[in-house]
Amino acid sequence: MTDAVSLQVALGPAPVARVDPALQVLTAEGCIQCNKCTFSCPVHRVNVLFSPRKVILQAYLGGADDVDESDLWACLTCGECQVACPTEVPYPAFIRAQREKLRPVMERMAPCKHGGFKEIVSKIMTRPNLNQDRRAWIGDGLKVADRGDVIYFTGCLPYLDGIFSYCDSARIGRAAIKLMNTAGIVPVVANSERCCGHDALWNGDSATFETLARANAKWIKETGAKRLVTTCAECYSMLRYEYPQVVGDWNGLEVLHMSELIEELVKAGTLKFTKPVEVKVTYQDPCRLGRQSKEYDAPREVLRAIPGVQFVEMDRVRENAMCCGVGAYSNCDAATKFMQQDRLEEAASKADHMVTACPHCRIHFSCYLDGKPIDPLPDLKIVDLTELAAQALG
Amino acid sequence: MTFEPQVLAFCCNWCGYSAADQAGVAKLEYPAGVNIVRLMCTGMMDPYYVLRAFERGFDGVMVVGCHIGSCHYKSGNLQARDEMARVTTVLRALGLGEGRLVMDAASASEGSRFATLANEFVEKMRRLGPSPLREVVAR
């Protein structure tokens, strides 16, 4: 509080009456304008005009309406600034609140790449009469059920291949089911599942998010399952941390990321890796699993448990991990491509495979490797943790 | 009230749209529920257009372009064909499969072919019933 007061003194009397309520709610008033956020921001390194510090200052001086629209969409909401901030201003949450607030008056919506595909699919999923077929990608030999103790929340995996044809994202889902089947679990894959609403929430459309959250909570509670597993870091952060704020307590339902489940099964001895996978890997912390959910160890434990895998850390890891360059499909520009080249080169200098635990990190990095950039492409393969673990089953 | 399907037809300027024009000039009949949107080429068909049409409550989407090999821009219709095949997998997962999206061709002089395609498609939509997303009235 004293920091905010001294800031106001320094800036003269005008801001006192105009301080945005969002700033106070989000404790962004703790900002001491030290600029550490800007120096830690990966977008700032390319787009020097973008500065988290400047955005907070603008919000102070003129209220949220003075924040520049392009600044609002340039932020990846990766959270590196929040780690660097000495007063722990929740900058991503602040950006989210501003997007929400300015949505009605904004000239353009989130500059969603891929022609608004993800946005429109989640909008369609808010409809009550939907009759989805979410199991077509599973294929033969894998067992799923309608009822059971464990739910496998597939998220957008059944839809991603319709647009990211270079990625075969459904492979992650098949690997997850294979791992669970091997450990004697027949997961529930429900046709009544909806999008988790991550992108809607982070792009400032909380109405869509809440509709989706209620629809999902309804069927999840009806199955009476005790655990819910997801292979996606975004779904995980939504179901575990955001849903309880909308739909109330889960009543004993445990939300797990696939890496946590594999770690547990391996420790209990129900899942055994028999076939060595001779690869040298490094691990990319997804922002939604790492910085947001503080789950750094489970994926690393899984990598260490797979025979044959040689695990090397990159230099910028855990809370300092570099983002894949895109947040909630609302930004993809020069900064994104620079970050991807930078991160992939770092990974390629250490290993020959980059493992990640989020299908979206996998898509964004694969997209870069699929393209034809000016710089020589790093010699690297992008795999999901679940995929790699399933290879060790033989 | 009887169910009258509402269909969105994306037609390319050079073939599909001219064929629809021809059908009008020749006084051929096709249902009033066929709403035509003219594009310069079906190659500019974006998955978003299709999904947005269904989101707004249309019962079906038609894409009418040039015959293979006679695209005004050489390969636009081939591009559209691939794109529509991909979006079909998405529609199937959403429960909007069953041929609610079709891609076909009618050359500029084939007015009768356009009328037949439109009649057949609307008839098929009538048999399938309203789209599960139809709660807002289309248009």
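Cut-off values and rules
Residues numbered from 1 in each chain as written. Chains lettered and ligands numbered in written order. Predicted model: local features only at pLDDT ≥ 70, side-chain atom pairs only at ≥ 80, totals over all residues. Helix = DSSP H or I, 4+ residues; strand = E, 2+ residues; numbered from the N terminus. Rg over C-alpha atoms; globule rule 2.2 N^0.38 Å. Buried ≥ 20, exposed ≤ 12 C-beta atoms within 10 Å, placed from the backbone. Contact = placed C-beta atoms within 7 Å. Axes fitted to C-alpha atoms, helices over the stretch in contact; angles between N-to-C directions. Parallel < 35°, antiparallel > 145°, perpendicular 65-115°, else oblique. Expected span 1.5 Å × (residues − 1). Bend = angle between axes of the 7 residues up to and from the residue. Pairing = 2+ DSSP bridges. Right-handed = clockwise from strand over helix to strand, strands pointing away. Domains from an automatic or database assignment. Left-handed = near helix turned anticlockwise from the far one by under 90°. Nonpolar A, V, L, I, M, F, W, Y, C, P; charged D, E, K, R; others polar.

Topic: the overall build of chain A
Each helix and strand counted, chain A has 19 helices and seven strands in total. Compactness check: chain A gives a C-alpha radius of gyration of 21 Å against a globular reference of 21 Å for 394 residues, within 12% of the reference. Here chain A, with 394 residues, has 50% of them falling under the buried criterion. In chain A, of all internal contacts separated by at least 6 residues, the share reaching a separation of at least 24 is 80%.

Description of the packing of helix α1 (residues 16–25) of chain B against helix α4 (residues 111–128) of chain B
Residue and element names in this part refer to chain B. Running from N to C, α1 and α4 cross one another at 95°; their axes reach a closest spacing of 7 Å. Looking at the two axes, α1 sits roughly perpendicular to α4. In contact with Ala 19, Ala 20, Gln 22, Ala 23 and Val 25 of α1, α4 contributes Gly 111, Ser 112, Arg 113, Phe 114 and Ala 115.

Focus: the interface of chain B and chain A
Each partner contributes to the interface: chain B provides 17 residues, whereas chain A provides 21 residues. Where the side of chain B that touches chain A is concerned, the elements lending two or more residues are α2 (47–55) and α3 (76–93) of chain B.

A look at helix α14 (residues 233–247) of chain A
Residue and element names in this part refer to chain A. Taking 1.5 Å as the rise per residue, α14 with 15 residues should run 21 Å; its terminal C-alpha atoms sit 20 Å apart, in good agreement. Its axis deflected by about 35° at Leu 239, α14 carries its strongest bend there. Next to the buried residues of α14 lie β1 (150–153), α12 (198–202), α13 (206–223), β2 (227–230), β3 (254–257) and α18 (359–370). One or two residues past the end of α14 sits Gly 248, with phi positive at roughly 85°.

Digging into the sheet that holds strand β5 (residues 310–311) of chain A
Residues and elements named next belong to chain A. As summarised here, the arrangement of the four strands in space is β5-β4-β6-β7, forming an open sheet in which the pairing is parallel. Either end of the sheet is taken by a strand with one partner, and the two such strands are β5 and β7 (381–384). Pairing of strand β4 (residues 280–284) with strand β6 (residues 353–356) involves four bridges; the strand directions are parallel. Note that in β6 the partner of Thr 282 across the bridge is Met 354. Sitting on the sheet, helix α16 (residues 297–305) touches β4, β5 and β6, and the angle it makes with β4 is about 170°.

Here we look at the environment of A:Leu289
All names here are of chain A. In this fold, Leu 289 is placed in the loop between β4 and α16. The buried category is assigned to Leu 289, around which 25 C-beta atoms lie within 10 Å. For Leu 289 and Thr 230, which are 59 residues apart along the polypeptide, the C-alpha to C-alpha distance reads 11 Å. Residue contacts for Leu 289: discarding those within four places in its chain leaves Ala 233, Tyr 236, His 257, Glu 295, Ala 357 and Cys 358.

With respect to the pairing of β3(A)
Residue and element names in this part refer to chain A. Bridging between β2 and β3 involves four bridges; their strand directions are parallel. The residue bridging Leu 228 from the neighbouring strand is Val 255, located in β3. A crossover links β2 with its parallel partner β3, the connecting element being α14, and its sense is right-handed.

A closer look at the domain arrangement of chain A
On domain assignment, one finds that chain A holds domain 1 (2–105), domain 2 (114–265) and domain 3 (272–391). Contacts between the two partners involve five residues from domain 1 of chain A and, on the opposite side, five residues from domain 2 of chain A.

So, the pairing of strand β3 (residues 60–65) of chain B
On any regular strand, side chains alternate: one points to one face of the sheet, the next to the other face. All names here are of chain B. With six of six residues buried, β3 lies mostly within the body of the structure. Burial along β3 is two-sided: the face carrying Gly 60, Met 62 and Val 64 and the face carrying Val 61, Val 63 and Gly 65 are both buried. Bridge count between strand β1 (residues 7–12) and β3: five bridges; the pairing is parallel. By the bridge assignment for β3, Leu 8 is matched with Val 61. Taken together, β3, α3 and strand β4 (residues 101–105) form a β-α-β motif whose crossover is right-handed.

Focus: the sheet that holds β1(A)
All names here are of chain A. Across the sheet, three strands lie side by side as β1-β2-β3; this open sheet has parallel pairing. Two strands bound the open sheet, and with one partner strand each, they are β1 and β3. Neighbour to neighbour, the strand axes of the sheet diverge by 25° on average, direction disregarded. As paired elements, β1 and β2 share four bridges and run parallel to each other. Counterpart to Val 150 in the pairing with β2 is Arg 227. Along the sheet face, α14 touches β1, β2 and β3 and points at about 160° away from the line of β3. Helix-sheet contacts for helix α15 (residues 258–268) involve β2 and β3, and the interaxial angle to β3 is about 90°.

Concerning the packing of helix α9 (residues 117–124) of chain A against α2(B)
Remark: α9(A) packs on α2(B), axes separated minimally by 10 Å, with the N-to-C direction vectors making an angle of 20°. Comparing their axes, α2(B) and α9(A) come out roughly parallel. The hand of the α9(A)/α2(B) crossing is left-handed. Residues A:Phe117, A:Ile120, A:Val121, A:Lys123 and A:Ile124 of α9(A) lie in contact with α2(B), whose contacting residues are B:Pro47, B:Tyr48, B:Leu51, B:Arg52, B:Phe54 and B:Glu55. Taken together, the residues of the contact of α9(A) with α2(B) sort by class into eight nonpolar, no polar and three charged.

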